[in-house]
Amino acid sequence: MVRTGGDADEADPAQGLRKLIGKLDAMTPGELANTGTFRADKLLMLMMLVALFVASVASHQITPFMMLGVVTAFLIFKRTTLTWALPFFLGLVVLAWISYMTVGFWASQIDTIFGGLGNIWQNLQTNTGDRIEGTDPAHAMVLQARLGILAVILACAAVGIFRRFRRGVFDRSALILLCVPVLALGLQSYGGEIGLRIYMFALPGACLLAAYAFFPNLPADSADVREETVPLRKRNVRFNPELTKRISIVLAACFAVVFAFAFLLARYGNEKFERVTTGEVAALHYVYDHDKPSARVLYLVPKEGPEVTPTLPWGERDVEKVSFNLQALVHKDPAQISDAVQALKEASRNSYLMVSRGQVSYLQLNEGFPADWGEKFRAALDKSPDLKRVYSNEDAALYTWKTFVRGTEIPEPNPYKGRGDPTSPLTPVGVGALAVTWVALFGYEIIRLNGPNRAPKARKRLLFLAIPAFAVALAVIIERFIYIAQNN
């Protein structure tokens, strides 16, 4: 049997995909139409966006990558009138901050930063597995509440997508906000917490779509539709609109009340070990005051291995001097301190074993340690002839080895041990190229705000200036990573 041309077209997957994309493009956008904005307002919003991005770059490791991913996705799916100059501008801000401003951290930890790139399955496997275990009933209830909120929000979001599609509405922006954070699996495991971070960043988009589960119609008399949208299938019998609205309001109110109580339980149920006390902070300040030239802090673990993070207010300052990657194995019997003592003995000079309220509470809630374990464990450490307590208060205590082998010295700080300052021969060239690129790209974006046909020659000249400068700046950033890492 010979296929006809029509059959071949129907069997062509590419043709089917094009038809699907065409149908999606023909649907009503879920976003309200832009009714017009003054140029000064556009410029102000652009400057606020850049300022927020720069603040996130300096304050958090993942947020700028999420923001950059969302902006890029908006451009790909035509949800913004901005140009491709903006993601290149913002991307260079991230790379420049990492390369020039955080050398003290990454100079000796290249594998830590880049080791997880592309390892999606491995990052997923190391994701918060130990957070869904626990022996304390109250703690188990908190974990169940968190998982329940996640399941209900995602279920409501799925219902919202379905109800909007039936009305011929395609919410690209909300779907982008929901889906882009998942790409973070290709970056890092983030200490086993990347799944939690993905959930937090995807939450705005999920909440928008979840709201559509109750209120799926576009508002009447909007710029896109003159009356409320109804299901595309004409055969569906629709209930009385007023009755439907009232039922939706009642259901939404019930869900809101339930979510409010569930949030209080999920957010504050673990305050026993998540709350940071002034005593714990004071203990670490003692370490910071005695971290010349370096120091190490051992934290308590029920089993040795890759833990999520220490249950300590760690990393407040001196990240290049103080290391928190040492573990002290403890047991439910508070008198069994031999493993913890041995770990401190094997550590270098100026190392501290820290026992804090947060660590003890975590062991009690997650591992079933006795209620009086913390007091008895500290008492056993005080009786040890090999340890010396150098600091203590109601919330925390620091112990160090009483005597050291003669001749041992405190090691130099880990991050940078190279020749001279943490720089490279081409660093001045890179700084100049960065400045030129930023000015050119930002100027291009400002001119483009006035309209797609505004000052084409000026924009073209700025592009001719920005492209080679961007290439030079990026090459110097790469050169710095290689040169500094090799000389560390």
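Up top is the structure these notes are about.
None of the values given here were measured: they were computed from a predicted structure.

Peer 1: Pulling in residues and values, what's your account of unusual backbone geometry?
Peer 2: Apart from glycine, the bulk of residues carry a negative phi angle, and the bulk of peptide bonds sit in the trans form. Following Lys 292, the chain continues to Pro 293 via a peptide bond in cis, the omega torsion being -5 degrees. Here Pro 293 is to be found in the loop between helix H14 (278-289) and strand S3 (295-301). Phi angles above zero are rare outside glycine, and Lys 78 is one such case at about 55 degrees. By secondary structure assignment, the location of Lys 78 is in the loop between helix H4 (63-76) and helix H5 (85-101). Judged by its relative accessible area of 68%, Lys 78 is exposed.

Peer 1: I'd like a rundown of the sheet that holds strand S6 (residues 387-392), residues and numbers included.
Peer 2: Backbone hydrogen bonds are what pair the strands of a sheet, in a parallel or an antiparallel way. Spatially, five strands are ordered S4-S3-S5-S7-S6 in an open sheet, and the strand pairing comes out mixed. Two strands in the sheet have a free side with no partner beyond their single neighbour: strand S4 (322-329) and S6. Within this sheet the neighbouring strands show an average axis-to-axis angle of 35 degrees, counted without direction. Here four bridges tie strand S5 (residues 351-356) to strand S7 (residues 396-401), and the two strands are oriented antiparallel to one another. Bridging across to S7, Leu 353 finds its partner in Tyr 399. In the packing of helix H17 (residues 373-383) onto the sheet, the strands contacted are S3, S5, S6 and S7, and the crossing angle to S7 comes to about 30 degrees.

Peer 1: Let's hear about the pattern of salt bridges: which residues, and what values?
Peer 2: Where charged atoms from two side chains of opposite charge approach closely, those side chains can pair. In this structure the tally under the stated criterion is six salt bridges. As a salt-bridge pair, Asp 289 and Arg 317 come within 3.3 Å of each other at their nearest N and O atoms. Within this pair, whereas Asp 289 is found in helix H14, its partner Arg 317 is found in the loop between S3 and S4, the two being separated by 28 residues in sequence. Among the residues examined, Arg 317 registers a relative accessible area of 33% and is labelled partly exposed. Linking Lys 376 and Asp 372 is a salt bridge whose minimum nitrogen-to-oxygen distance equals 3.0 Å.

Peer 1: Break down the nonpolar core for me, citing the residues and quoting the values.
Peer 2: Core analysis: the largest hydrophobic core is formed by 23 residues, its most contacted members being Leu 300, Leu 353, Trp 373, Phe 377 and Leu 381. For this core, the elements supplying multiple residues, two or more each, are S3, helix H15 (338-346), S5, helix H16 (357-367), H17 and S7. Once residues lying within four places of it in the same chain are set aside, the contact partners of Leu 381 are Ile 337, Leu 353, Val 355, Leu 387 and Tyr 399. Counting 18 residues, the second largest nonpolar core, distinct from the first, contains Val 50, Leu 75, Leu 441 and Tyr 444.

Peer 1: Residue-level account of the packing of H5 against helix H19 (residues 456-486), with values.
Peer 2: Orientation of H5 relative to H19, taken along the N-to-C sense of each, is 25 degrees, at an axis distance of 10 Å. With respect to H19, the element H5 is oriented roughly parallel. For the pair H5 and H19, the crossing hand works out as left-handed. Contact residues: Phe 88, Leu 92, Leu 95, Ala 96, Ile 98, Ser 99 and Tyr 100 in H5; Phe 470, Ala 473, Leu 474, Val 476, Ile 477, Arg 480 and Phe 481 in H19. By residue class, the composition of the contact of H5 with H19 is twelve nonpolar, one polar and one charged.

About the criteria used
Residues numbered from 1 in each chain as written. Predicted model: local features only at pLDDT ≥ 70, side-chain atom pairs only at ≥ 80, totals over all residues. Heavy atoms only, no water. Helix = DSSP H or I, 4+ residues; strand = E, 2+ residues; numbered from the N terminus. Buried < 20%, exposed > 50% of the residue type's maximum accessible area, 1.4 Å probe, protein only. Pairing = 2+ DSSP bridges. Axes fitted to C-alpha atoms, helices over the stretch in contact; angles between N-to-C directions. Contact = heavy atoms within 4.5 Å. Salt bridge = Lys/Arg side-chain N within 4 Å of Asp/Glu carboxyl O. Core = buried A, V, L, I, M, F, W, Y, C linked by side-chain atoms within 4.5 Å. Parallel < 35°, antiparallel > 145°, perpendicular 65-115°, else oblique. Left-handed = near helix turned anticlockwise from the far one by under 90°. Nonpolar A, V, L, I, M, F, W, Y, C, P; charged D, E, K, R; others polar.

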